[in-house]
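An overview of the molecular structure
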Amino acid sequence: MADFKIGQGYDVHAIADGLPMWLCGVQVPSEKGFVAHSDGDVAIHALCDALLGALGLGDIGLHFPDSDEAFAGIDSKILLRRVMDMVRSRGYRIGNVDITIALQSPKLRPLIDNMRSTLAEVLGCSVGRISVKATTTERLGFVGRGEGCEVWAVCLLEKKFCYFSK
C-alpha cells in the first residue's frame, strides 16, 4: 500500500538585461536574465512550491524569505535540496515531476535533457521521473513581450508502507 500526495507550484520572474538566466539548475545562454533575490531560477522556485504544497508546508517564501539576506544570490539548487530534506524527513520520495516553462526566448529545447538530469540529481531520483517542457506564448502577454517568464510545476510524492505479519 502507498500514500500519495500531489503538489502544484507556480512562479514568475521579470527579465532584465545583464543578469544570468538559470532554469532547472542550468545556466541558459542569454544576454538577459531573471530579476530576483536569489539566483532567480523560476523553475526550481515553482518546483519547491509544488513539493512544499504537497506536504502542506506553505511555500518557498515562508521557508526562504526574500527579506533574509542569507538567501541573497543563493543557488536555487540549495533551496531545492533543503526542500527535499523536508520531503524525505516525512517519509516521501519523488513519484514524478512535470514542469512547464513559458519563455519567449531563448529557445530551451537544446537544454532540456541537461535540465532533467540536473533536477534528477538534486531530487535523488531517476531522470525518467522528471519532465521539463518549454513553450512560448506566441508573443502574447508579458511573456510574449519578453518581460518575464512563468513556470508551472506539478509533483507526485509517494510514501511506501510495509506491513509485517507475525
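Relevant structure appears above.
Quick summary incoming for the structure in this document. (Residues numbered from 1 in each chain as written. Predicted model: local features only at pLDDT ≥ 70, side-chain atom pairs only at ≥ 80, totals over all residues. Heavy atoms only, no water.)

A look at the nonpolar core
Stated formally: As used in this record, nonpolar core signifies buried Ala, Val, Leu, Ile, Met, Phe, Trp, Tyr and Cys residues forming a set joined through side-chain atoms within 4.5 Å. Here the term buried applies to any residue with accessible area under 20% of the maximum for its type, exposed to any over 50%, and partly exposed to those in between, with areas from a 1.4 Å probe on protein chains only. Numbering of helices and strands starts at the N terminus; helices are DSSP runs of H or I of at least 4 residues and strands are runs of E of at least 2.
Membership of the largest hydrophobic core comes to 51 residues, with the highest contact counts inside it found for L23, L51, I99, I101, M115, L119 and L123. Looking at this core, the elements that each hand over two or more residues are β2 (21-23), β3 (26-28), α1 (42-54), α3 (76-89), β5 (93-102), α4 (112-123), β6 (130-135) and β7 (148-160).

What to know about the packing of α1 against α3
Stated precisely, the cut-off is as follows: Helix axes are fitted only over the stretch in contact, all axes being lines through C-alpha atoms; the angle between N-to-C directions runs from 0 to 180 degrees. Roughly parallel refers to an angle under 35 degrees, roughly antiparallel to one over 145, roughly perpendicular to one between 65 and 115, and oblique to any angle outside these ranges. The contact criterion used is simple: two residues touch if any of their non-hydrogen atoms lie within 4.5 Å. When residues are grouped by polarity, Ala, Val, Leu, Ile, Met, Phe, Trp, Tyr, Cys and Pro land in nonpolar, Asp, Glu, Lys and Arg in charged, and all others, Gly among them, in polar.
α3 packs onto α1 with a crossing angle of 10° between their chain directions and a minimal axis gap of 10 Å. Compared by their axis directions, α1 and α3 come out roughly parallel. Across from I44, H45, L47, C48, L51 and L52 in α1, the residues of α3 making contact are S76, K77, L79, L80, V83, M84, M86 and V87. Across the contact of α1 with α3, the residue classes break down as 11 nonpolar, two polar and one charged.

Digging into the environment of V127
Mapped onto the fold, V127 is located in the loop between α4 and β6. C-alpha separation for the pair V127 and I44, spaced 83 residues apart in sequence, amounts to 16 Å. Not counting the four nearest positions on each side in its chain, V127 is found in contact with R116, S117 and A120.

Some details on the side chain of D11
We apply this condition: Charged-residue counts in this description rest on Lys and Arg as positive and Asp and Glu as negative, His and the chain ends being excluded. For this document, the term salt bridge refers to a Lys or Arg side-chain nitrogen within 4 Å of an Asp or Glu carboxyl oxygen. Polar contacts, as used here, are pairs of N or O atoms within 3.5 Å; protein pairs need one atom able to donate a hydrogen and one able to accept it. Residues neighboring in sequence count only if both atoms are side-chain atoms.
If you trace the backbone, D11 turns up in strand β1 (residues 2-17). There is no salt bridge for the buried D11, and the closest opposite charge comes from K77, which lies 16 Å off by N-O distance. At 3.4 Å, the side chain of D11 forms a polar contact with the side chain of H45. In contact with D11, other than residues within four places in its own chain, are V42, H45, A46, C149, E150 and V151.

Notes on a nonpolar patch on the surface
To keep things clear, this is the line we draw: By definition, no residue in a patch forms a salt bridge, and every one has over 30% relative accessible area; like charges are joined within 9 Å, nonpolar side chains (Val, Leu, Ile, Met, Phe, Trp, Tyr) within 5 Å. Residue-level accessible areas treat just the shown protein chains as cover; the underlying method is Shrake-Rupley with a 1.4 Å probe.
On the surface, a nonpolar cluster with roughly 250 Å² of combined accessible area is contributed by Y10, V12 and W152. Structurally, the position occupied by W152 is in strand β7.

Points about the packing of aromatic side chains
Note the threshold: Two rings from Phe, Tyr or Trp (for Trp, the six-membered ring) form a pair when their centres sit within 6.5 Å of each other. Planes less than 30 degrees apart are called stacked, planes more than 60 degrees apart edge-to-face, and all others tilted.
As enumerated under the stated definition, the model contains two aromatic pairs in all. Taking the centre distance of 5.6 Å and the plane angle of 50° together, the rings of Y10 and W152 count as tilted. Of the two residues, Y10 sits in strand β1 while W152 sits in strand β7, which places them 142 residues apart along the sequence. Y10 gets classed as partly exposed once you look at its relative accessible area, which sits at 37%. Exposure remark for W152: the relative accessible area of 34% places this residue in the partly exposed category. Each ring, one from F64 and one from F71, has its centre 5.4 Å from the other, and the planes form 80°; the classification is edge-to-face. Residue F64 shares its accessibility class with F71, and that shared class is buried.

Structural notes on the sheet that holds β5
So the rule is basically this: For two strands to pair, DSSP has to find at least two bridges joining them.
Pairing in this open sheet of five strands is mixed, and the strands run β4-β1-β7-β5-β6 from one edge to the other. Each edge of the sheet is formed by a strand with only one pairing partner; in this case those strands are β4 (32-34) and β6. Pairs of neighbouring strands in the sheet enclose a mean axial angle of 20°, with direction left out of account. Here 13 bridges tie β1 to β7, and the two strands are oriented antiparallel to one another. Among the inter-strand pairings, V12 is bridged to a residue of β7, identified as E150. The strands touched by α4 within the sheet are β5 and β6, with β6 carrying the most contacts at an inclination of about 145°.

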